[in-house]
Amino acid sequence: MGMTARVLAVDAGNSKTDVAVVAPDGTVLATARGGGFRPPTVGVEPAIEGLAQTVKRAFAAAGVTSADHVSACLANADFPVEEEQLATALHARAWGTTVEVRNDTFAILRAGVTEPRGVAVVCGAGINCVGMRPDGRTARFPALGRISGDWGGGWGLAEEALWHAARAEDGRGAPTTLTHTLPAHFGLPTMYALIEALHLEHIAPTRRHELTPVLFTTAASGDSIARGVVDRLADEVVTMATVALTRLDLLEEEAPVLLGGGVLAARHPQLTDGIRDLLAARAPKAVPDVVTASPVLGAALLGLDAVGAPAEVQTRLRQHFEP
């Protein structure tokens, strides 16, 4: 023991945390996986303590006790003040000489590009967008839900589907087969029964996200209401990407627009085609692609960027995660 690694990379999302310990030559000495990182729910220190258990296992497996630099891409780090607070808490753990905290969306962006340049839109439980340039300029949104102007994300899509289906069944809205497909997912006969089950929590509130794939399946069957919701999501993704490209002066030059998160990674044809068509109209030089690499790779690459590692070191790191 007593050795040091070059970078401790952390990608901590709401549902899971991945950690990688990287040597000066880009070799991955060890990785570890832990639970979700939710400071707003449990508090900063308990969240950091949970993260510490994962880091401890990774350090032990790598045979090191610290790193030169900690690159942490963390969920719920939505404002600079939150990044600073989390960076202070991580620095107190003495895992590295220097610490940089970013929102976890930056990890997905950096994992998908060969240099820190481009835009990423992530649609999982929520929706978020970030962009960056090699000179350090960034573009981002608070991404806190409706209070910050967001629409979309798996949770929001499920609620939108429920809203349309409820109104269709009782006559306030246009007809849609969502009135049948949504309750049928839970083995129920009507939207009225589903609304009651959700309200009384006979169905756990956390299970609402299961309705997002049902929405896409219903859209694929030709239902106009469901298709309209999917088209709206495509529009929202492209709107966020175009604004970020504009802020970074990348709209007039070729730049990657990376798509990540469970909803976008599923590559639903209507959604994927809609995004590509809208981007072609609004940002013709944008190059869309779906990110499949592990986000912890992005956190590690950001760490290597910060310490000025040469290209061959970054290549060796990427080969570990993309053999």
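Look up: the structure comes first, before these words.
Quick caveat, the model's predicted, so the values are computed rather than measured.

1. Quick notes on the overall build of the protein chain
Helix and strand counts for the protein chain stand at 13 helices and 10 strands. In terms of overall dimensions, the protein chain is globule-like: its C-alpha atoms have a radius of gyration of 21 Å, near the 20 Å expected for 323 residues. Taking the principal axes of its C-alpha atoms as reference, the protein chain extends roughly 70 × 45 × 35 Å. Across the 323 residues in the protein chain, those meeting the buried criterion constitute 52%. Long-range contacts, defined here as pairs at least 24 residues apart, represent 67% of the contacts in the protein chain between residues at least 6 apart. Here the protein chain has roughly 14400 Å² of accessible surface; of this, 54% comes from carbon and sulfur atoms. Here the protein chain carries 27 positive and 36 negative side-chain charges, and the mean point of each set is 2 Å from the other.

2. Here's the deal with helix α2 (residues 44-62)
Taking 1.5 Å of rise per residue, the 19 residues of α2 would be expected to cover 27 Å, and the 26 Å separating its terminal C-alpha atoms lies within 8% of that figure. Buried within α2 are the following residues: Val44, Ala47, Ile48, Leu51, Ala52, Thr54, Val55, Ala58, Phe59 and Ala62. In the stretch just after α2, Gly63 is the one whose phi turns positive, near 75 degrees.

3. A few points about the packing of helix α12 (residues 295-306) against helix α13 (residues 311-321)
Axis separation between α12 and α13 bottoms out at 10 Å; the angle between their running directions is 170 degrees. When the axes of α12 and α13 are compared, the pair comes out roughly antiparallel. In contact with Val296, Leu297, Ala300, Leu301, Leu304 and Asp305 of α12, α13 contributes Val313, Gln314, Leu317, Arg318 and Phe321. Split into classes, the residues belonging to the contact of α12 with α13 amount to 8 nonpolar, 1 polar and 2 charged.

4. Some thoughts on the environment of Val64
Mapped onto the secondary structure, Val64 falls in strand β4 (residues 64-74). Each C-alpha atom, one on Val64 and one on Ala30, is 9.9 Å from the other, the two residues being 34 residues apart in sequence.

5. Regarding the environment of Asp68
Inspection of the secondary structure puts Asp68 in strand β4. Residue classification places Asp68 among the partly exposed residues on the basis of a relative accessible area of 27%. Each C-alpha atom of the pair Asp68 and Ala244 lies 32 Å from the other, and the pair is 176 residues apart in sequence. Leave out the neighbours within four places in its chain, and Asp68 touches Thr4, Ala5, Arg6, Gly96, Thr97 and Thr98.

6. Here we look at the pattern of salt bridges
A complete count under the given rule lists 16 salt bridges for this structure. In this structure, Arg137 and Asp249 form a salt bridge, with 3.0 Å as the shortest nitrogen-oxygen distance. Placement of Arg137 in the loop between β7 (127-132) and β8 (138-140) and of Asp249 in the loop between α9 (224-247) and β9 (255-260) is noted, with a sequence separation of 112 residues between them. Across the salt bridge formed by Arg232 and Glu160, the nearest N and O atoms sit 3.6 Å from each other. Of this pair, Arg232 sits in helix α9 while Glu160 sits in helix α5 (residues 153-170), placing them 72 residues apart in sequence. Given a relative accessible area of 41%, Arg232 falls into the partly exposed group. Here the salt bridges do not stand alone but share partners, grouping Lys16, Asp18 and Arg33 into one network.

7. Examining the packing of aromatic side chains
Enumeration over the complete set of coordinates arrives at 0 aromatic pairs. Here Arg102 stacks its cationic end above the ring of Phe106, 5.3 Å away from the centre of that ring.

8. Description of the sheet that holds β8
The strand order across the open sheet formed by 5 strands is β8-β7-β6-β9-β10, and the pairing between neighbours is mixed. Only two strands of the sheet have a single neighbouring strand rather than two, namely β8 and β10 (286-290). Sheet twist, expressed as the average angle between the axes of neighbouring strands with direction ignored, equals 15 degrees.

9. Describing the packing of α5 against α9
For the pair α5 and α9, the least separation of the axes is 11 Å and the interaxial angle reads 150 degrees. One way to sum up the angle between α5 and α9 is to call them roughly antiparallel. When the axes of α5 and α9 are compared, the crossing they make is right-handed. Judged by residue contacts, Gly153, Leu157, Glu160 and His164 of α5 engage Ile225, Val229, Arg232 and Leu233 from α9.

Thresholds, definitions, all that
- Residues numbered from 1 in each chain as written.
- Predicted model: local features only at pLDDT ≥ 70, side-chain atom pairs only at ≥ 80, totals over all residues.
- Heavy atoms only, no water.
- Helix = DSSP H or I, 4+ residues; strand = E, 2+ residues; numbered from the N terminus.
- Rg over C-alpha atoms; globule rule 2.2 N^0.38 Å.
- Buried < 20%, exposed > 50% of the residue type's maximum accessible area, 1.4 Å probe, protein only.
- Contact = heavy atoms within 4.5 Å.
- Areas by Shrake-Rupley, 256 points an atom, 1.4 Å probe, with all protein chains shown as cover.
- Lys, Arg positive; Asp, Glu negative; His and termini not counted.
- Charge placed at Lys NZ, Arg CZ, Asp CG, Glu CD.
- Expected span 1.5 Å × (residues − 1).
- Axes fitted to C-alpha atoms, helices over the stretch in contact; angles between N-to-C directions.
- Parallel < 35°, antiparallel > 145°, perpendicular 65-115°, else oblique.
- Nonpolar A, V, L, I, M, F, W, Y, C, P; charged D, E, K, R; others polar.
- Salt bridge = Lys/Arg side-chain N within 4 Å of Asp/Glu carboxyl O.
- Phe/Tyr/Trp six-rings, centres within 6.5 Å; stacked < 30°, edge-to-face > 60°.
- Lys NZ or Arg CZ within 6 Å of the ring centre and 35° of its normal.
- Pairing = 2+ DSSP bridges.
- Left-handed = near helix turned anticlockwise from the far one by under 90°.

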